[in-house]
Amino acid sequence: DSGVTQTPKHLITATGQRVTLRCSPRSGDLSVYWYQQSLDQGLQFLIQYYNGEERAKGNILERFSAQQFPDLHSELNLSSLELGDSALYFCASSVASGTSGPAETQYFGPGTRLLVL
Amino acid sequence: TQLLEQSPQFLSIQEGENLTVYCNSSSVFSSLQWYRQEPGEGPVLLVTVVTGGEVKKLKRLTFQFGDARKDSSLHITAAQTGDTGLYLCAGESASGGSYIPTFGRGTSLIVHP
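Residues numbered from 1 in each chain as written. Chains lettered and ligands numbered in written order. Predicted model: local features only at pLDDT ≥ 70, side-chain atom pairs only at ≥ 80, totals over all residues. Heavy atoms only, no water.

Engineer: Just checking my understanding: could you explain the overall build of chain A for this structure?
Structural biologist: Each helix and strand in chain A was counted, giving 0 helices and 11 strands. Walking chain A from its N terminus toward its C terminus, one meets helices and strands in the order β-β-β-β-β-β-β-β-β-β-β. Taking 2.2 N^0.38 as the reference for a compact globule, 117 residues should give roughly 13 Å; the C-alpha atoms of chain A span a radius of gyration of 13 Å, in line with that estimate. Counting every position in chain A, which comprises 117 residues, the buried fraction comes to 50%. Within chain A, counting contacts between residues at least 6 apart in sequence, those at least 24 apart form 57% of the total. Here chain A has roughly 5,400 Å² of accessible surface; of this, 49% comes from carbon and sulfur atoms. Side-chain charges of chain A comprise 8 positive and 11 negative groups, with the mean position of each set lying 3 Å from the other. (Helix = DSSP H or I, 4+ residues; strand = E, 2+ residues; numbered from the N terminus. Rg over C-alpha atoms; globule rule 2.2 N^0.38 Å. Buried < 20%, exposed > 50% of the residue type's maximum accessible area, 1.4 Å probe, protein only. Contact = heavy atoms within 4.5 Å. Areas by Shrake-Rupley, 256 points an atom, 1.4 Å probe, with all protein chains shown as cover. Lys, Arg positive; Asp, Glu negative; His and termini not counted. Charge placed at Lys NZ, Arg CZ, Asp CG, Glu CD.)

Take a look at the structure:
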């Protein structure tokens, strides 16, 4: 158990819909990272938040957005869903901001499996 | 986008065999990490290497970072069924003041009893 929790574990929805994925980081961790993992693309970094502020952006679509709340939990919002958005979505947390390098240890949650029909 | 190429993509071996998986890039990374991911779970960090030429050992696993910090290898001695999983390498590169993690596609390892 990494200490990172994600809900829901599974999500089935239809094209065009909007869903919200939730992540609670490990106690004391200020950074939250979101990743998408699919068979054809592998594990892709989407976005990072540190202490409530966006810190880094990766391959995140405009239809996707995220935020980190004062209690440090984070939500990833996926809208106008397409079949190709079906994937595993992981949240990871780390203590620091990730700006000082080298890589901070990231602790991954169990993921949310999204299926868009 | 800096790419990390992992090879082989799939590996199926018998318990007790040795194996090596590779992670290569044309770009230099400030650090490189190896993760293992089991089905239905998130990746778990195994090691971080930061110095060119560095070698780290974790029980039967030996990790090496290339001298030029563009490649890495993971060697497993006397594989066990518990080593089965997806092995991912991840490099970080600086981008706009942050270090962006880039993952390879992974090597899927199956160790048969």
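Engineer: Please clarify how the interface of chain B and chain A should be interpreted in this entry.
Structural biologist: Accessible area lost during the coming together of the parts is what is often quoted as the interface size. Listed as interface residues are 21 residues of chain B and, on the opposing side, 25 residues of chain A. For the pairing of chain B and chain A, the buried interface totals around 1,700 Å² over both sides, and the portion due to carbon and sulfur atoms is 55%. Looking at the side of chain B facing chain A, the largest losses of area belong to Tyr99(B), Phe103(B) and Arg105(B), adding up to 26% of the total buried there. Scanning the region where chain B abuts chain A turns up 0 salt bridges. Counting every contact that joins chain B to chain A gives 2 residue pairs in polar contact (both at pLDDT 80 or more). When contributions to the side of chain B that touches chain A are tallied by element, the ones reaching two or more residues are β4 (31–37), β5 (44–49), β9 (85–95) and β10 (98–103) of chain B. The element contributing the most residues to the side of chain B that touches chain A is β10(B), with 5 residues. Here the residues of the side of chain B that touches chain A sort into 10 nonpolar, 8 polar and 3 charged. (Buried area = accessible area lost by both parts, 1.4 Å probe. Salt bridge = Lys/Arg side-chain N within 4 Å of Asp/Glu carboxyl O. Polar contact = N/O pair within 3.5 Å; in protein donor to acceptor, adjacent residues only side chain to side chain. Nonpolar A, V, L, I, M, F, W, Y, C, P; charged D, E, K, R; others polar.)

Engineer: It is not clear to me how the packing of aromatic side chains should be interpreted in this structure. Could you clarify?
Structural biologist: Any aromatic ring pair is given by two values, namely how distant the centres are and how the planes are angled relative to each other. Evaluated as defined, the whole model comprises 9 aromatic pairs over all chains. Plain terms: the ring middles of Tyr35(A) and Phe45(A) are 5.8 Å apart, the flat faces sit at 65 degrees to each other, and that makes the pair edge-to-face. Of this pair, Tyr35(A) sits in strand β4 (residues 31–38) while Phe45(A) sits in strand β5 (residues 42–50), and the two are 10 residues apart along the sequence. Phe45(A) carries the same exposure label as Tyr35(A), and that label is buried. Ring plane angle 45 degrees and centroid distance 5.4 Å describe the contact between Tyr35(B) and Phe103(B), whose orientation is recorded as tilted. (Phe/Tyr/Trp six-rings, centres within 6.5 Å; stacked < 30°, edge-to-face > 60°.)

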